[in-house]
Every structure is written in structure tokens, then in C-alpha cells.
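Working through the structure, step by step
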Amino acid sequence: MKMKLGKMVMQVLQSVFKKPATLNYPAEKPAAFERFRGEIKFDPSKCIGCKICVKDCPSGAIEIKKIGEKEFELSIDLAKCIYCGQCADSCPKKAIALTNAFELAQLNKENLKVTFRAESPDEPERNPLEDD
Amino acid sequence: MSEGDFKIPVGPQHPSLKEPLSFSVALKGEKILGVDIRLGYNHRGIEKACEERTYLQDVYLIERICGICSHAHSTAFVQAVEEIAKLEVPKRALYLRSLIAELERVHSHLLWLGIAGHEVGFDTLLMYTWRDREIVMDLLAEITGNRVNYGMNAIGGVRQDIDAPEIKKILEGVKTLEERTKYYIDVATEEATLIERLSNVGVLSKDDVLRLNTVGPTARASGVARDVRKDDPYAAYGDLHFDVITDDHCDVYGRAVVRLKELMESYKMIREIVENLPEGPISVRAPRRIPAGEAVSRYEAPRGEDLHYVKSNGSDKPERVKVRAPTLANIQSVKKMLEDRYLADLPIVVAAIDPCFSCTDRLIGVSDLDKNSGKVMSWEELVSYGVDWYRKNRGVDLSKLNESFVKGRKYS
Amino acid sequence: MISALFSILIFPGFLFLSTVALYAEYFDRILYARFQNRKGPPWFQPLADFIKLLAKEDFVPTEANPGIFRLMPLVALASSVAAFLYIPLWSVNSLYPFSGDLIVVLYLLTIPTIAFFVGGWYSTSLYARIGSVRTITQMFAYEIPLFMGILAASLLSGSWSLSDMAAFYAKNPSYMAFNVIGFVVSFIALIGKLEKAPFDIPEAETEIVAGSFTEYSGKLLAFFRMTFDIEFVVGASLLAAVFLPFGLTLGPILGFLVYLIKTFFIIALISLTRTVVARLRLDQMLAFSWQIIVPLALVQLFINIILKGLLKI
């Protein structure tokens with residue numbers, strides 16, 4: 001093996017004139033991917049209350065509650081969710097889907113429990129779960 | 001130990017170790033006289049937790065044993081379950097599993113190269129290799145949906161399919177990475193200070209490898225051609241053309257060369273997989289209850305041979321899951337490698353076996369060969385044993401936690 | 001009296017030197033970052049680090065000797081600032097020239113290293129002890145070549161005073177070319193003194209946590225780090241004054257600019273070296289120094305002795 005001292009010098013000097021590889025987060029955001037597994041989104045009109053998603057969730061993060069005739073609401077604890085997407089795969093009516101949202105941090109741990117209801121399927125309510 | 005010798009602790013928290021393990025190093029000046037190793041700081045009770053969850057949930061739990069070799073553990077587990085259930089996995093799924101496996105190997109070896117540079121004080125190599133690793137991470141995120149913990153495997157096949165646009169991106173990414181890897185091979189074989197630090201350090205002869213049973217690139221750098229992909233082909237490796245890379249240097253330099261050349265082989269394999277992808281479904285329907293039986297499955301993780309043993313009893317939860325990670329086989333050789341070396345070599349020797357203690361810390365049962373008895377504890381027995389031990393030996397009372405652990409579980 | 005105090009404390013003394021030192025650290029870090037294709041810190045980062053460290057509490061370990069533990073950072077800082085007063089910066093004369101001030105400068109620059117050793121040893125922590133022993137061992141490797149390289153240049157000029165040397169080279173600028181080997185030797189030895197890669201063994205983060213400074217925190221650590229930066233500028237200025245003594249007769253404004261350019265050029269070279277090499281082990285460094293660098297320094301000495309006889313100066 002022939003030995004040189006400072007083999008990376010040329011590459012290193014050229015890097016000074018290139019744009020840095022750093023992403024200026026939060027001013028610049030990384031590219032969004034179509035299949036990215038972020039926060040879930042729930043369509044209450046499709047849900048039939050079979051609760052397969054509750055059974056299959058690896059961390060027990062989902063709860064389905066009946067609030068009326070053929071009306072259900074889904075509550076999920078975002079701190080327990082592992083964003084695997086098994087609930088979306090298991091649902092026979094495709095009522096659950098995964099979005100691109102990943103900036104989900106909150107200052108108060110109670111705000112991580114979100115509920116999806118029929119009145120506001122797009123904007124979930126962030127409130128603590130009531131005790132049954 | 002004479003006057004002037006002393007013992008320093010390296011770990012469990014130390015700037016050079018990425019994961020906790022404890023060395024107690026006996027030093028004389030700068031020379032190492034002996035090393036005592038303690039493991040177990042990352043034990044999380046995963047094997048026992050697997051018995052409380054269904055097979056479907058276990059796939060995700062096993063995947064999260066480690067972030068870098070997550071696909072390795074997930075595939076090995078799924079292969080074992082499919083063997084017990086006698087499922088015929090479609091060819092396209094096998095090819096896709098191998099594709100993700102090779103992409104994971106690429107990302108793991110690039111990460112290792114950066115860490116090796118950092119341990120010898122060559123931070124520039126760290127920054128450059130990790131910048132190029134972002135290409136692989138983005139590829140994996142495009143295909144599977146996440147940068148680590150891919151969630152690609154399901155019992156009976158894979159969960160995601162790939163199309164022409166993804167294939168195009170894969171080929172472009174691999175082309176860029178191949179040029180960059182050729183440059184890193186030049187740097188590693190020519191940069192004088194790097195060669196000085198890596199040569200003749202951590203020497204492990206061929207006899208030592210066979211005696212201590214090391215696996216992976218650590219063994220292949222001493223001339224032992226041990227690779228599960230060739231010895232016992234799984235997934236699509238029976239169809240792919242590749243070489244097993246060995247090297248004769250027997251030291252850390254050899255291990256670096258083996259990993260770099262394996263990167264080039266991986267690029268070849270990725271191209272072959274993508275160009276010969278068979279048509280067909282990507283999974284078969286798997287039953288929820290797996291019939292009784294047991295199976296062992298092996299997988300060549302980036303760090304070596306990964307072994308999974310699964311025993312089922314006809315219900316929808318496994319009876320026993322055992323994981324033997326490659327680092328457990330390699331850690332014994334660290335003691336041999338550090339004999340008669342300097343303190344400055346300790347970080348790079350440990351980094352050369354590519355340790356991953358999240359994978360390693362599982363429960364080992366020590367049985368008395370004379371008495372030929374073993375003991376199987378239930379969850380409650382295990383928890384109360386732990387509480388008693390801590391009360392007796394450390395004076396700490398953990399019985400309040402006992403209640404929430406035993407009674408507060410809420411899985412299906 | 002007032003002008004003396006002004007020179008020592010404000011310009012070009014302590015305050016000016018500290019500002020240039022902080023800027024030199026920023027320059028070094030931003031170059032290091034750009035070489036690695038990264039963004040780098042903002043311009044006020046070293047000042048912010050210094051202020052933050054001043055605000056933190058400083059612990060003294062129970063078994064350490066508190067008097068010596070607290071004294072060492074001040075000793076190191078004071079001696080490195082004092083060395084600056086005798087180096088000709090932008091005119092042929094330094095602030096207080098006298099015959100033999102070359103030896104005093106080299107001596108004053110050795111004191112910080114000994115202060116690091118004593119401070120680390122009296123910390124009584126295992127990592128600090130190993131780090132301090134490494135500092136002293138490394139001193140065996142680079143002190144001799146550094147001295148020999150600089151003394152070879154002064155041999156040609158026939159004087160022990162830095163200011164007289166500068167005057168000599170200002171009169172015969174072509175004689176600078178004879179000292180090239182000495183420049184290379186002193187440059188490498190200076191990297192050893194400043195404990196930068198490939199010779200940053202005493203502060204190897206991945207091996208012994210932080211070496212001599214493991215137990216230091218708060219304002220004591222701030223002063224140690226400031227000593228490092230000031231040593232950086234003083235070492236670069238010394239090399240610039242001895243081996244690149246041009247532009248010293250251009251008058252105050254132009255001379256100041258030339259001084260800044262020379263010093264920052266040497267700092268940039270040190271940054272480049274830091275980026276492209278790995279860290280050597282202690283035994284490898286000693287071997288490299290005594291087998292390659294010291295013979296080169298001896299060669300330079302012989303060349304200068306012969307030249308002095310030949311040119312009859």
C-alpha cells in the first residue's frame with residue numbers, strides 16, 4: 001500500500017467553494033415522501049367499529065368508542081404510537097391512513113392524546129381522555 | 001499488580017462508546033495489562049415481552065431491538081415463523097426483502113466507517129461518510145416510509161411494493177454511492193496516519209477466530225470465509241452472484257478493507273436484484289394462529305451471523321423467542337485483542353467489531369451440566385425475584401413498581 | 001507609565017490579544033467546518049462559549065489541592081500573554097526589546113504546558129492523571145525541534161534578540177529563503193505544542209474523556225481554553241516574526257495589515273493540517289519526532305552554521 005500524507009486535501013479544499021450539506025432546519029424542511037409514516041388520519045364515516053385496529057396495535061395506543069348509532073370516535077395516544085401503520089393495513093374499510101406530519105412535539109404530555117370525531121375529521125381534538 | 005499499576009473504568013458512560021458496556025482496564029502507564037468486560041446495561045426484557053404479544057405485534061417489537069440492524073432481526077424472526085407455519089413466500093417478496101437487506105448493509109457499513117474515523121480522531125472522514133449515508137437513508141425512506149425501523153416485513157411476505165420511479169432513484173443513488181465508496185477505499189488504503197493507527201492493532205489470528213467463534217467481518221478479515229449468505233442461503237441469495245470478501249491482514253485495517261469491499265459487492269447485488277425483479281404478489285395470507293413447532297433461522301446481519309429461535313404452541317402468541325446477536329459472539333475476542341496493547345487502541349479495537357449492545361443484551365441461561373436442570377420462570381416470578389434481589393443487595397425497595405408492571409399491562 | 005499600562009493591558013496587550021484569539025478560534029472552526037462541507041458556527045460563538053463558562057459554577061474535587069487547582073489557569077494565561085510583549089509584530093521592534101528576549105519568549109511559552117500538567121496531576125482523577133502525563137511526554141517530542149528551528153534562524157542573524165533578528169532580515173530579505181527547512185520543522189513542532197491533530201493526544205476525547213481538563217469547569221475552564229487560543233495566536237505570531245519577517249518596515253497601518261495576513265495564513269495552514277490527518281498514538285508521535293523532525297532540524301542548524309562562515313556576516 002503506497003502511503004500519502006493528507007490524501008483528502010484536494011477534496012477538502014474543493015468543499016470550501018461548494019454549498020454546505022447542512023439543512024437549515026427549521027427554515028428549510030426536508031423533502032416529504034409519499035409513503036412516509038407520520039401521524040394517522042381517521043375517517044369516521046367509514047368506520048364500522050370492528051376494533052381490529054385496537055387488537056393489532058403493537059403498543060395498545062388506539063381506543064375506539066361508540067358515540068352513537070354507527071358513529072365511532074378514535075382516540076390515539078401519540079406517545080405510545082410507534083408509527084408502524086399496522087392499523088391502516090388491518091382496517092377492512094381503510095378508514096385509517098398515515099400522513100406526512102412528524103412535528104408532533106408538545107410541551108404538555110396530556111396534549112399528545114388526540115381524538116378524531118365526526119364533526120372535525122381533519123382537525124383532531126387534542127384533549128386528555130376522560131376516565132371510563 | 002505492582003506499584004504504578006492502576007485500574008481505570010471505561011464505561012458504562014464514555015465518550016468513545018456509543019452504547020453502554022463496562023470495561024475495567026488494568027493499566028501500567030499506557031500499556032494495558034488486562035481487561036474485564038461486563039455487559040447487560042441495555043437489557044430490556046424483549047424476549048419475555050414477545051411471549052405476551054401476538055405474532056403480528058412481535059414483528060414490530062423484534063424490529064426495534066436495534067436501529068441499525070432492524071431489518072436483520074425482523075427478517076430472521078419472520079423467516080422462523082414462516083418455516084413453522086410452512087408458508088410459501090412469493091419470489092417477489094424474497095427479492096424485495098434482499099433489496100432492503102443490502103441497502104441496510106450499505107448504510108450500516110458507511111456508519112461504521114464514520115465511527116472508525118471518529119475513534120482515531122479523523123472527524124473529516126466521519127462528516128463525509130455520514131453525508132453520503134443520507135443518500136441511502138432517503139432511498140430507504142422513499143421505499144419503506146421510514147429511515148430506520150422500516151416495517152417492511154409481514155408474516156408471509158412484505159408490506160410495500162416498488163415501482164419504476166423508485167427503481168430509477170435506487171439506480172441513481174447506487175451510482176453516486178459507488179463513486180464515493182471508491183474514493184473512500186483510496187483514502188483508507190493510502191492515508192498514512194490512518195494506516196498507522198489501524199495496522200497491527202487488534203490482531204486476531206486465524207486459529208483465534210476458529211477457537212473464539214467470531215462471526216462477520218471480524219472473522220473474514222482473518223481469512224475465514226464465513227458468510228451465512230453463501231453457507232446457508234436465505235431469501236433471494238441463492239439466485240444472486242456475489243463473492244465472499246476475505247482479507248489476510250488479521251487486524252483492524254483488514255476489517256476496514258473487508259467492509260469497504262463488501263460495500264462494492266452490495267451495490268452489485270442491488271443492481272442485480274432491481275434488474276431481475278420477478279412479477280407476482282408480494283405476500284401470502286398468514287394465519288393468526290401458528291401451529292405447534294419450532295424453528296431456527298440465520299441471517300447475515302452487517303455485523304455477522306444473527307440467530308433466531310422461535311417455538312410455537314398452536315396459539316396466537318409464541319411460547320419462546322430467543323435472539324443471539326452477532327456482537328455476543330464477537331465480544332469474547334475483544335479481551336484477546338487488547339492483550340499487550342496501548343490504552344489509545346482500546347476505542348478503535350472495540351469499534352472494529354462494530355458493537356451493538358442493544359442487539360446483544362438478552363438473557364443467557366447458565367445451566368449446571370452435572371445437575372442437568374433448567375428453570376423457567378413466569379412473568380410474576382421474574383418480577384418478584386428482581387424485587388427481592390434489589391432489596392437484599394442494594395437496599396432499594398421496588399415493590400411499588402411491581403404492581404404496575406404485573407397488573408397494569410393493557411395489551412390485547 | 002500610563003502608555004506602558006495601555007500597551008500591556010489594551011493594545012497590543014491583553015484586550016487586543018484576547019479579541020484576536022477569539023477571532024482566531026472562530027476562523028479555525030469555520031474553516032474546519034467548511035472543509036468538511038458543513039455550515040460552521042456564527043461569528044460570536046467563541047465569545048458566547050467564554051461568557052457561558054464564566055457563568056457556571058466551578059467545582060473543585062474533594063481530594064484535589066484547591067490552591068493549586070485554582071492557580072494553574074491563571075499562571076497559564078498570564079505567561080502566554082506575557083510572551084506576546086516581546087515578539088515584533090508590525091514594526092522591527094517589539095514593545096520592550098532586549099538582548100536575550102528570544103529565550104525568554106520560548107521559556108514563557110513552555111510555562112502553560114507545565115501548568116496543564118500540574119493542574120491535571122493535582123486533579124487526582126484517573127483520567128486527568130493520564131492526560132497530564134501525556135502532556136509532559138509529548139513535550140519531550142516537540143520542544144527540542146521547536147527550539148532548534150528558531151535558534152537556527154537566530155544563528156544566521158547573530159543575535160539573541162527577536163527585534164535585532166527582525167532588523168537583520170529586514171536589511172537582507174533574501175536570507176529568509178535559507179530557513180525553509182526550519183520553517184517546516186517549527187511548524188510541525190508548533191502543532192505539537194498547540195495539541196492539535198495529529199498531535200492532540202493529551203486531549204483525546206475518545207480515549208480519556210478530556211485529559212487534564214476533565215475536572216475543570218466554570219471560570220477555570222474558561223481561562224484554560226482562553227490560554228489555548230492565546231497560545232495559538234502567539235505561536236503563529238512567533239513563527240511569522242522569525243520565518244516570515246517581511247513587511248516590518250512599511251509603517252503602522254500597512255504593517256498591521258501584513259501582520260494580520262501573515263498570522264492568519266499560518267492559522268489557516270494549521271486548520272488544514274488538522275482536517276486531513278488522524279490522531280497519532282503517543283509512541284508513534286515520539287518515533288516520528290525523533291526519527292524525522294529532529295534530524296531535519298539538525299540539518300538546518302548545520303546549513304546555517306556553514307552559511308554564516310561562508311557569507312562572513
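Residues numbered from 1 in each chain as written. Chains lettered and ligands numbered in written order. Predicted model: local features only at pLDDT ≥ 70, side-chain atom pairs only at ≥ 80, totals over all residues. Heavy atoms only, no water.

1. Focus on the overall build of chain A
As a reminder, the rule being used: A run of H or I in DSSP counts as a helix once it spans at least four residues, and a run of E counts as a strand once it spans at least two, with each numbered from the N terminus. Buried, partly exposed and exposed residues are distinguished by accessible area as a fraction of the type maximum, computed with a 1.4 Å probe on protein chains only: under 20%, between the cut-offs, and over 50%, respectively. Here, residues are in contact when the closest pair of their heavy atoms is within 4.5 Å. We get accessible surface area from the Shrake-Rupley algorithm with a probe of 1.4 Å; when it comes to residues, only the shown protein chains can shield them.
Scanning chain A for helices and strands turns up 3 helices and 6 strands. N-terminal to C-terminal, the α/β element order of chain A is α-β-α-β-β-α-β-β-β. Among the 132 residues that make up chain A, the fraction classed as buried is 37%. Pairs at least 24 apart in sequence give 61% of the contacts found in chain A among residues at least 6 apart. With the model as given, the accessible surface of chain A reaches about 8,200 Å², and the carbon-plus-sulfur share is 54%.

2. As for a nonpolar patch on the surface
All names here are of chain C. Rules: Without a salt bridge and with relative accessible area above 30%, a residue can belong to a patch; like charges are then joined within 9 Å and nonpolar side chains (Val, Leu, Ile, Met, Phe, Trp, Tyr) within 5 Å. What counts as a salt bridge is simple: a side-chain nitrogen of Lys or Arg found within 4 Å of a carboxyl oxygen of Asp or Glu.
Where nonpolar side chains cluster on the molecular surface, the patch consists of Met1, Ile2, Leu5, Phe6, Ile8, Leu9, Ile10, Phe11, Phe14, Leu15, Leu95 and Tyr96 and spans about 1,100 Å² of accessible area. Listing elements by their share of the nonpolar patch, those giving two or more residues are α1 (2–9) and α2 (14–35). Considering each element in turn, the nonpolar patch owes the most residues, 5 residues, to α1. Within the fold, Phe6 resides in helix α1. The partly exposed category is assigned to Phe6, whose relative accessible area is 46%.

3. Regarding the sheet that holds strand β3 (residues 31–38) of chain B
Going by this rule: Any two strands with at least two DSSP-identified bridges between them are counted as paired. Here an axis means a line fitted to C-alpha atoms, over the contact stretch when the element is a helix, while the angle between two N-to-C directions is reported on a 0 to 180 degree scale.
Strand order in the open sheet formed by 3 strands is β1-β2-β3 (chain B), and the pairing between neighbours is antiparallel. Looking along the sheet, the strands with just one partner apiece sit at the ends: β1 (5–10) and β3 of chain B. Shown here is a sheet whose adjacent strand axes are inclined to one another by a mean of 20°, direction ignored. Pairing analysis gives 6 bridges linking β1 of chain B to strand β2 (residues 22–28) of chain B, with the strands arranged antiparallel. Pairing of Lys7 of chain B across the sheet is with Ala26 of chain B, part of β2 of chain B. Most of the contacts of helix α6 (residues 126–157) of chain C go to β1 of chain B, to which it runs at about 115°, and overall it touches β1 and β2 of chain B.

4. A word on the interface of chain B and chain A
Our working rule: Two parts lose some accessible area (1.4 Å probe) when they are put together, and adding that loss for both gives the buried area. What qualifies as a polar contact is a pair of N or O atoms within 3.5 Å, subject to a donor-acceptor requirement within protein and to the restriction that residues adjacent in sequence count only when both atoms come from side chains.
Taken together, the 40 residues of chain B in the interface contact 26 residues of chain A. Taking both partners together, chain B and chain A bury about 3,000 Å²; carbon and sulfur atoms supply 52% of that area. At the junction of chain B with chain A, the criterion picks out 4 salt bridges. One salt bridge connects Arg288 of chain B with Asp56 of chain A, and the closest N-O pair in it is separated by 2.8 Å. Counting every contact that joins chain B to chain A gives 18 residue pairs in polar contact (both at pLDDT 80 or more). Top contributing element to the side of chain B that touches chain A by residue count: helix α5 (residues 123–144) of chain B, with 9 residues.

5. Quick word on the packing of aromatic side chains
Residue and element names in this part refer to chain C. Definition in use: Pairing of aromatic side chains here covers Phe, Tyr and the six-membered ring of Trp, requires ring centres within 6.5 Å, and sorts the geometry by plane angle: under 30 degrees stacked, over 60 edge-to-face, intermediate tilted.
Under the counting rule described, the total for this entry stands at 29 aromatic pairs over all chains. Centroid distance Phe27 to Phe264: 5.2 Å. Interplanar angle 85°. Geometry classified as edge-to-face. On the criterion of sequence distance, the pair formed by Phe27 in helix α2 and Phe264 in helix α11 (residues 252–276) is long-range, its members being 237 residues apart. The class for Phe264 is buried, based on a relative accessible area of 14%.

Function-wise, these values are silent; they only describe arrangement.
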